[in-house]
Amino acid sequence: MTQTTENVTVRMSSENQKKLEHIATTLERSRNWLINEAIENYLDIYTWQENKIRERLQTAQKNGKFHTAKEVTDTVESFKA
């Protein structure tokens, strides 16, 4: 099935452009391919994170056990020692 595409313009620093060009050259791929690959990976990760957050929020709401801010702070501080 043919997928339709649209143009998007992105501004980035010249440093990032150089890095992008280096990676594209190393992989023997176009910058366009590399940018699309990065965006697809980001969207997959974002979707996964969003689903996990919703899933865990539902679990927390069902079980009703929440920690106070002090409990969280104390736990975090205990790892710093």
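Whatever comes next refers back to the structure up there.
Just so you know, the residues in each chain are numbered from 1, in the order the chain's sequence is written. Local features in this predicted model are restricted to residues of pLDDT 70 or higher, and side-chain atom pairs are both shown and tallied only at a pLDDT of 80 or more, whereas totals for entire chains, interfaces and linings draw on every residue. Computation of side-chain values covers all heavy atoms of the structure but excludes hydrogens and water.

**What to know about unusual backbone geometry**
Note the threshold: Helix numbers and strand numbers start at the N terminus; a helix is a DSSP run of H or I with at least 4 residues, a strand a run of E with at least 2.
Residues other than glycine seldom take positive phi values, yet Glu28 does so here, at roughly 55°. Positionally, Glu28 belongs in the loop between helix 1 (14-27) and helix 2 (31-63).

**A word on a nonpolar patch on the surface**
Operational definition: Only residues above 30% relative accessible area that lack a salt bridge enter a patch, with like-charged residues linked at up to 9 Å and the nonpolar side chains Val, Leu, Ile, Met, Phe, Trp and Tyr linked at up to 5 Å. Shrake-Rupley sampling with a 1.4 Å probe provides the accessible areas, and residues are treated as covered by the protein chains on show and by no other component. Salt bridges are defined by distance alone: a side-chain nitrogen of Lys or Arg within 4 Å of a carboxyl oxygen of Asp or Glu. Any residue under 20% of the maximum accessible area for its type is buried, any over 50% is exposed, and the rest in between are partly exposed; the area is computed with a 1.4 Å probe on protein chains only.
Residues Ile39, Tyr42, Leu43 and Tyr46 make up a contiguous nonpolar surface patch of about 420 Å² in total accessible area. Tracing the sequence through the fold places Leu43 in helix 2. Owing to a relative accessible area of 45%, Leu43 belongs among the partly exposed residues under this scheme.

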